[in-house]
Amino acid sequence: MPDAKKSTPPSAPLLNPDLGEQHDVGDLHAALQREQPEPKEGFEPMNLWLVVLTGGLLFWGGYYLANYSGRFEADEYSEIPRGQAVASAAVETPEQKTLRMGAQLYNNCAACHLADGTGNAALNIPPLAGSDWVLADGPNRIIRIVLNGMSGPVKVNGQVWQGNAMNPWRKTADNPSGLADEEIAAVLSYIRSAWGNKASFVTVDEVKAVSEATKDRSEPWTEVDLLAVPLKSGTAAPSLAGATNAPLDLASLKGHLQQLPPEELKKLLEAIQGK
Amino acid sequence: MSTPVSPGVLAALSPRDSEEGGTQAQLAEIDASCRGSVLLFFLSGMVWLLIGTVLALVASYKLHAPDFLGNAEWLTFGRVRTAHLNAAIYGFSAEIAVGVILWLMCRLCRVPLMAQAVINSAAVFWNVGLAIGIGGILAGDTTGVEYLELPKYSTPILFLAFALIAVWTIVIFRFRREKHLYVSQWYILAAVLWFPWLYSTAQLLLVMDPARGAVQAAVNWWFAHNVLGLWFTPVGLASIYYFLPKVIGRPIHSYYLSVLGFWTLALFYNWNGFHHLVGGPFPAWMITISIVASVMMIIPVVATAINHHFTMIGHFGKLKYSPTLRFIVFGAMSYTVSSLQGVLSAVRWFSETAHFTHHTVAHAHWGMYAFFAMTMFGSMYYILPRITQREWPSERLISLHFWCTAIGVILYVVPLSWGGWLQGKAMLDAQIPFLDVVKVTLPYLKFRTVTGVILAVGHVAFFANICWLLVRTFGPYRQPEPMILAGVRSEAAPVGK
Amino acid sequence: MNYGPLLFLGILFTLASSWFGLVLLPNKQLGALQPDLNTNTSVVFPQPPPGEAVQGRELYRSLGCNYCHTQQVRREGFGSDIARGWGKRGSVARDYIYDRPVFLGSSRTGPDLTNIGERQPSYDWHYSHLYNPQTTSKGSIMPPFAFLFELRRIGPEGPSTNAVKLGGEFAVESGWEVYPKPTAKQLVQYLRSLKSSVTLPEAPLPKVE
């Protein structure tokens, strides 16, 4: 191999070949001279195991293509061959199914009320976890809130929330992506059972009854309107317009009383006590 | 440029034998003929590398600090990430690829580069078109089609540039003086034939006159995957097949493996496209066929790996001396690993977890950087001294470049692949709220920014060395000292770096 | 393999095979899909984006929303998309016939948006979220799009209905409000139009109960 380095006598001028000056060709082509010959191919035989691997992969490929292509149909979107048992869902009770569907549907609510049900103070969205409205004895008010939405101030767990509004979720011809009655039952059952909440499930019949009763309503509910609604069917909300013979809805009464300013409450108590 | 080699030059080259001397003289002439064009492409590519690196760092930082430069509409993440991708792919990767293609084709065909002016104007068109396009993306004119975001007003210029280069490469091939077709030439010829077809189909069916609905996504991923598999991969493999045996002075292990590797790549790789759409709105057969083709890729990848490994075996010691060899071997090993990662990612079982996660980003960089960019760096370390007829000025900068990029890219792709997998597992659990899935990824995203800075240091070191080399080329002439690593300076060096 | 023409033919034939299989064939199978008319519900689906949603779509493209959000729901049993409430059924090709370009997306840095119009129809929520994602989603890495809004003095009639609702640490100084520019409104109209829980012959909605 030729010398990779040559030395020019110190007295020789530095010369730039790019300017056409005489140069030391050997120096210029130093890199070239160091080079090995141009590459060539050797002729080692192919490894047998590689041939076997190739054959094996081709065989697997053909099998997979034949069985998992939905018969090459344009509208077969699942690769699972027909007749092959779908991974069987674990056997679940109806309650577990309701909770599972409800959890899935809750994603509609989670954007505002958050995944952990704590709401968003910055956006004036009340929590659902531990909320007295959610945990109330009967579901008639919360079904109404989901169906038609809610606006205006609302007192939740003693704190007033205002400055925001909730959209309606009733499924109608104008809002086909709303929630059907069964879906409302499922999601409310989930909300009443999640994050430490412990309240009864909401049945589809309860939702259907409310949905039917309010089918012509289009405005969102206000807190005052809702408090006039009995929590459970078969009970009556206390009405100041006249007495009824239906059993008194105590939770409703309590709600009414909580709305009264302290002076009014004091006057009422004095009146009851006959003072 | 096509002047006959003078006898004086022949004699001065002190050949081992006259055939070798003749070849060396030819090669000297070829190197000289390539100088302007290849330099132009390499320099353009390096500038785009620096631009792409800055855009990458901004994008990466924004992912874990979203308020950073948050008020600048032109720098919003969706635009700066896109600008990075296009600068890295159509700027750095493609222009360096063209420089390497031209030099390799000329050398292997034993034909000097003719009518450089045409190639040089292609380079200018390319850079102008790309600059306009990247500006357009930042201004919001992106087409919205992945890998094809450059606006309509910039792409015809790019296509023209590319067409010129493809034609020129084929002309060089047509007028070759060397009868034997070496494996690198198959890959390069394939790449320059495949890319215009891919690009024109994609532009037509996605940008000019979009196909209906989901068919766009089909064409999109046929195109995007094939840019990686049928344009960049062949150029990378062509380089490895040339530089590996060339530097160590041994033949490639097996011609038969080269043939098997080339034709199985050609046959299977282009069917892979829909593995980007597993679980997507397509009939099952389209996804299945791409999964099958992806798994078949094991054949060419293993064949190539055997070929490279058995060529290198016994010569790993030479990695101490040759920067070219270091980058090329790193690239070749990364090719094997990233390809196998790709095969795994295509399988439905894996995709169910890893699809839509940062695992895909990590894989993309494993292929495009750890394989392709490193291979291109290695090629430049060999080519630049030969076309400038000077030696690399700084060993320290070479070492800095190598260690920063090698360590940087490993630290990038391995942790982010793992982070992406964890992200996918969290996403699969519907009980985990989405914001908590995001939290899982944060440490990996922050670490990725750190590795990006390491890579940036490497890039700057390389760019500085190139600039210094050019100062030596066009500045006052100085006695060249052969630049080989490990402080070796004399004929004791066992390698032809 | 020294024969140039053979090499050339092989190179062409191999790409031609996938050009046929992955470009032509899908176009043949899916390229002429029409919207479906459901005879039971009289619903035609899909429909082109309504009104300002068209401009909103252009903004979605221009801002690069596609790089963090997907618009494809994977079928039941593959991934947890449906369990996460991102849709009631898997997406199919017909869902995208009016999309130019198609925004399938390839990364879920943020959630899937195929049915965001069903899940989140509230203007207020979207305005707050776009102006500063931290207001609705603390810890989110989505960038703020405050440049789609303007800070302006509250007029004599009081705060505007569409002003962005900002409270607590995000509130602006009193007397001022953050108001969505037309671009913000168009983008939100586009997001609200993203609904696809409609039954199709090739992808029926599962029955609840």
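Since this is a predicted model, take the numbers as computed values, not measurements.

J.: When you look at the overall build of chain A in this model, what are you seeing that I'm missing?
T.: For chain A, the helix and strand inventory stands at 11 helices and two strands. For chain A, the N- to C-terminal ordering of α and β elements is α-α-α-α-α-α-β-β-α-α-α-α-α. Expressed as a percentage of its 275 residues, the buried residues of chain A come to 29%. Taking the contacts inside chain A whose residues are at least 6 apart along the sequence as the reference set, 52% of them involve residues at least 24 apart.

J.: What am I meant to see in the overall build of chain C here?
T.: When you go through chain C residue by residue, the secondary structure sums to five helices and four strands. Mapped in sequence order, the helices and strands of chain C form the string α-β-β-α-α-α-β-β-α. In terms of overall size, chain C is more extended than a compact globule, its C-alpha atoms giving a radius of gyration of 22 Å where 209 residues would be expected to give roughly 17 Å. If you line up chain C on its principal axes, its C-alpha atoms span 80 × 50 × 30 Å.

J.: Would you mind going over the packing of helix α2 (residues 53–63) of chain C against helix α5 (residues 182–192) of chain C with me for this structure?
T.: The relative placement of two packed helices is expressed as an angle between their axes plus a distance between the axes. All names here are of chain C. Taken N-terminus to C-terminus, the directions of α2 and α5 make an angle of 100°; their axes are 7 Å apart at the nearest point. Here α2 lies roughly perpendicular to α5, going by the angle between them. Along its contact with α2, which presents Ala 53, Gln 55, Gly 56, Arg 57, Leu 59 and Tyr 60, the element α5 presents Thr 183, Gln 186, Leu 187, Gln 189 and Tyr 190. When grouped by side-chain class, the residues that make up the contact of α2 with α5 number five nonpolar, five polar and one charged.

J.: Even after reading the chapter, I still don't get the interface of chain C and chain A, so can you show me in this structure?
T.: Interface extent is often summarised as the accessible area lost during association of the parts. If you look at the interface, chain C gives 30 residues, while chain A gives 26 residues. Looking at the side of chain C that touches chain A, the elements with two or more residues in it are α1 (4–30), α3 (116–119) and α4 (123–131) of chain C.

J.: What is the right way to read the interface of chain C and chain B from this model?
T.: Taken together, the 58 residues of chain C in the interface contact 69 residues of chain B. When grouped by side-chain class, the residues that make up the side of chain C that touches chain B number 30 nonpolar, 21 polar and seven charged.

J.: Which parts of the structure should I look at to understand the domain arrangement of chain A?
T.: When cut into domains, chain A gives domain 1 (45–80) and domain 2 (94–233). When each unit is reduced to the centre of its C-alpha atoms, the spacing between domain 1 of chain A and domain 2 of chain A is 51 Å.

J.: How do you make sense of the packing of helix α6 (residues 140–148) of chain A against helix α8 (residues 204–213) of chain A when you look at a structure like this?
T.: Residues and elements named next belong to chain A. Where α6 contacts α8, the axes come no closer than 10 Å and their chain directions differ by 60°. The angle between the axes of α6 and α8 places the two elements in the oblique class. Handedness of the crossing formed by α6 with α8: right-handed. For the pair formed by α6 and α8, the contact residues are Asn 140, Ile 143, Arg 144 and Leu 147 on the first element and Glu 206, Val 207, Val 210 and Ser 211 on the second. Its residues assigned to classes, the contact of α6 with α8 comprises four nonpolar, two polar and two charged.

J.: Can you help me understand the confidence of the model for chain A in this one?
T.: Note: predicted coordinates in regions of low pLDDT should not be interpreted at a detailed level. All names here are of chain A. Per-residue confidence for chain A gives a mean pLDDT of 80; residues scoring 70 or more make up 81%. When mean pLDDT is taken per element in chain A, helix α3 (residues 48–67) scores highest with 95 and helix α1 (residues 25–28) scores lowest with 60. Contacts from residues 1–14, a stretch scored under 50 in pLDDT, to residues over four places away or in other chains number 22 contacts.

J.: What is the right way to look at the environment of Gly 261 of chain B in this model?
T.: Locating Gly 261 of chain B in the fold gives a position in helix α8 (residues 255–268). Considered as a pair, Gly 261 of chain B and Pro 476 of chain B are 215 residues apart in the sequence and their alpha carbons are 47 Å apart.

J.: For this particular structure, what's the right way to read helix α10 (residues 298–312) of chain B?
T.: An α-helical segment advances 3.6 residues per turn. Residues three or four places apart therefore align on the same side. The terminal C-alpha atoms of α10 of chain B lie 21 Å apart, and with 15 residues this matches the ideal 21 Å at 1.5 Å per residue to within 8%. Across the 15 residues that make up α10 of chain B, a large majority, 11, are buried. For α10 of chain B, the set of buried residues is Ile 299, Pro 300, Val 301, Val 302, Ala 303, Thr 304, Ile 306, Asn 307, His 308, Thr 311 and Met 312 of chain B. Buried positions along α10 of chain B lie against α3 of chain A together with α7 (214–248), α8, α9 (284–296) and α11 (323–346) of chain B.

J.: What is the right way to look at α11 of chain B in this model?
T.: In this model, α11 of chain B (24 residues) spans 34 Å end to end at C-alpha, consistent with the 34 Å of a helix rising 1.5 Å per residue. With 18 of its 24 residues buried, α11 of chain B lies for the most part within the structure.

J.: Please clarify how the confidence of the model for chain C should be interpreted in this entry.
T.: Chain-level pLDDT for chain C is 92 on average; 99% of the residues reach the 70-or-more range. Predicted complex, confidence summary: ipTM 0.94, pTM 0.86.

J.: Help me out: how do you make sense of the environment of Pro 168 of chain A in this one?
T.: Residues and elements named next belong to chain A. As for its position among the elements, Pro 168 is in the loop between β2 (159–161) and α7 (181–191). A tally of 21 C-beta atoms within 10 Å means that Pro 168 is categorised as buried. With 18 residues separating them in the primary sequence, Pro 168 and Ala 186 have C-alpha atoms 17 Å apart. The residues touching Pro 168, leaving out its near neighbours within four places in the chain, are Leu 147, Asn 148, Gly 149 and Pro 220.

J.: I would appreciate a short explanation of the environment of Lys 165 of chain C in the present structure.
T.: Its location among the elements puts Lys 165 of chain C in the loop between β3 (149–153) and β4 (176–180). Residues Lys 165 of chain C and Asp 81 of chain C, 84 residues apart in the sequence, show an inter-C-alpha distance of 30 Å. Leave out the neighbours within four places in its chain, and Lys 165 of chain C touches Leu 123, Gly 163 and Asn 164 of chain A together with Asp 124 and Ser 128 of chain C.

J.: I'm lost on unusual backbone geometry in this one. Help?
T.: Glycine aside, a negative phi is what most residues show, and trans is what most peptide bonds show. For the bond running from Phe 45 of chain C to Pro 46 of chain C, omega is 0°, close enough to zero to count as cis. Along the polypeptide, Pro 46 of chain C turns up in the loop between β2 (43–45) and α2. One non-glycine residue, Asn 124 of chain A, lies in positive phi territory at about 60°. Along the chain, Asn 124 of chain A turns up in the loop between α4 (94–113) and α5 (132–135). Non-glycine residue Leu 69 of chain B carries a positive phi angle of around 50°.

The rules behind these values
Residues numbered from 1 in each chain as written. Chains lettered and ligands numbered in written order. Predicted model: local features only at pLDDT ≥ 70, side-chain atom pairs only at ≥ 80, totals over all residues. Helix = DSSP H or I, 4+ residues; strand = E, 2+ residues; numbered from the N terminus. Buried ≥ 20, exposed ≤ 12 C-beta atoms within 10 Å, placed from the backbone. Contact = placed C-beta atoms within 7 Å. Rg over C-alpha atoms; globule rule 2.2 N^0.38 Å. Axes fitted to C-alpha atoms, helices over the stretch in contact; angles between N-to-C directions. Parallel < 35°, antiparallel > 145°, perpendicular 65-115°, else oblique. Nonpolar A, V, L, I, M, F, W, Y, C, P; charged D, E, K, R; others polar. Domains from an automatic or database assignment. Left-handed = near helix turned anticlockwise from the far one by under 90°. pLDDT = per-residue confidence, 0-100. Expected span 1.5 Å × (residues − 1).

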